[in-house]
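Given next are the chains, with one letter for each unit.
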Amino acid sequence: MGFKWMMMLLVCVLLFIGGAMGVKPKKPVNVPFGKNYEPSWALDHIKYLNGGSEIQLHLDNRTGTGFQSKGSYLFGHFAMHIKMVAGDSAGTVTAFYLSSQNNEHDEIDFEFLGNKTGEPYILQTNVYTGGKGDKEQRIYLWFDPTKDYHTYSVLWNLHQIVFFVDEYPIRVFKNSKDLGVKFPFDQPMKIYSSLWEADDWATRGGLEKIDWSNAPFVASYRGFHIDGCESSANDKYCATQGKNWWDQKEFQDLDKTQWRLLRRVRDKYTIYNYCTDRKRYPTMPPECSRDRDVPRKSSKKN
């Protein structure tokens, strides 16, 4: 396994050395936890470090825990530095996501699926529109996310949703309303993060169960960056729509370099893409026709 990891890291270096990104989101600004966030459940399972500039979420056999943003947002850039649960994390899920508050909710998900010691973490992304999800994509991360902090972020505007790992795009969900596909555009969302038990599905479809002798499981956070258009849950649009940096033309699509990086991530690290799952979707979902980096080869299933 050690040799496999070395080869993956070498491929990663060769993959991403090819030049600087084009237009990318503004650099996240690190702030204390309490500026933008507050605990949402199991407050005694959140540990504060360095004056609140860093926190830890703890999961044990009694409960997990989580936190949420103080405000709700329509569009923007949302980033978090996270260090994942180390060691045997099978059955755990660390989530970082945006979600609206009503029944037909919109949602933008990062879910990090724990694994046995030495196995690579799986990152699952999903998008819910009008209360319907089932748009999962899964990749192997090309580094060990338990060794150090990495940045996971979302850029969301009227034209696209882009998922980033560090500075590299790993997924784009384009606005395809003209194809009859709903797109999150009029429901403000809060930002959430949580650490919880999901051993009925998270690791190898539920085959690997959580080992409570390894508890507490700990995920660490810092950064707490929010740069969005704050809005009440009843507002349809932000008053400043069209005037913020993320609304400008250069952020309405990826540039050629970003598309090339995204295609490489798909070719080398994607293990599931709902767009290519003909068992679930005999007819390709219409929004997938806009996904220019659909793999040239069939995705492997985990």
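Residues numbered from 1 in each chain as written. Predicted model: local features only at pLDDT ≥ 70, side-chain atom pairs only at ≥ 80, totals over all residues. Heavy atoms only, no water.

An unreviewed UniProt entry lists the protein under the name Xyloglucan endotransglucosylase/hydrolase, with Anisodus tanguticus as the source organism. The UniProt entry for the protein carries the following comment under Function (unreviewed entry): "Catalyzes xyloglucan endohydrolysis (XEH) and/or endotransglycosylation (XET). Cleaves and religates xyloglucan polymers, an essential constituent of the primary cell wall, and thereby participates in cell wall construction of growing tissues." As its UniProt record puts it under Sequence similarities (unreviewed entry), the protein is described as follows: "Belongs to the glycosyl hydrolase 16 family. XTH group 1 subfamily." (UniProt positions renumbered as here; feature names shortened; annotations may be inferred.)

J.: Is there a simple way to explain the sheet that holds strand E2 (residues 46–49) in this structure?
T.: As a general point, the strands of a sheet are linked pairwise by backbone hydrogen bonds and lie either parallel or antiparallel. Taken together, the 7 strands give an open sheet; going across it, the order is E2-E3-E14-E5-E10-E11-E12, and neighbouring strands pair in antiparallel fashion. Either end of the sheet is taken by a strand with one partner, and the two such strands are E2 and strand E12 (168–174). Each adjacent strand pair in this sheet contributes to an overall mean axis angle of 25°, direction not counted. Bridge count between strand E10 (residues 150–156) and strand E11 (residues 160–165): 5 bridges; the pairing is antiparallel. (Pairing = 2+ DSSP bridges. Helix = DSSP H or I, 4+ residues; strand = E, 2+ residues; numbered from the N terminus. Axes fitted to C-alpha atoms, helices over the stretch in contact; angles between N-to-C directions.)

J.: What exactly am I supposed to notice about the pairing of strand E3 (residues 54–59) here?
T.: The side chains of a regular strand alternate, first on one face of the sheet and then on the other. Along E3, 6 of the 6 residues are buried, which leaves the element largely enclosed by surrounding structure. Bridge count between E2 and E3: 4 bridges; the pairing is antiparallel. Pairing of Lys47 across the sheet is with Gln56, part of E3. Hairpin connection between E2 and E3: a loop of 4 residues separates the two successive antiparallel strands, and Asn50 in this loop has a positive phi of roughly 50°. Both E3 and strand E14 (residues 217–231) contribute to a ladder of 6 bridges, which runs antiparallel. Within E14, the residue paired with Leu59 across the bridge is Phe217. (Buried < 20%, exposed > 50% of the residue type's maximum accessible area, 1.4 Å probe, protein only.)

J.: Sorry if this is basic, but what is going on with the UniProt feature "active site" (unreviewed entry) in the protein here?
T.: Residues given the UniProt feature "active site" (unreviewed entry) here are Glu107 and Glu111. Counting through the fold element by element, Glu107 comes out in strand E7 (residues 107–113). Here Glu107 is in contact with Tyr97, Leu98, Ser99, Asn126, Val127, Tyr128 and Met189, once residues within four sequence places are set aside. A distance of 3.3 Å separates the side chain of Glu107 from the side chain of Ser99, its partner in a polar contact. Along the chain, Glu111 falls in strand E7. (Contact = heavy atoms within 4.5 Å. Polar contact = N/O pair within 3.5 Å; in protein donor to acceptor, adjacent residues only side chain to side chain.)

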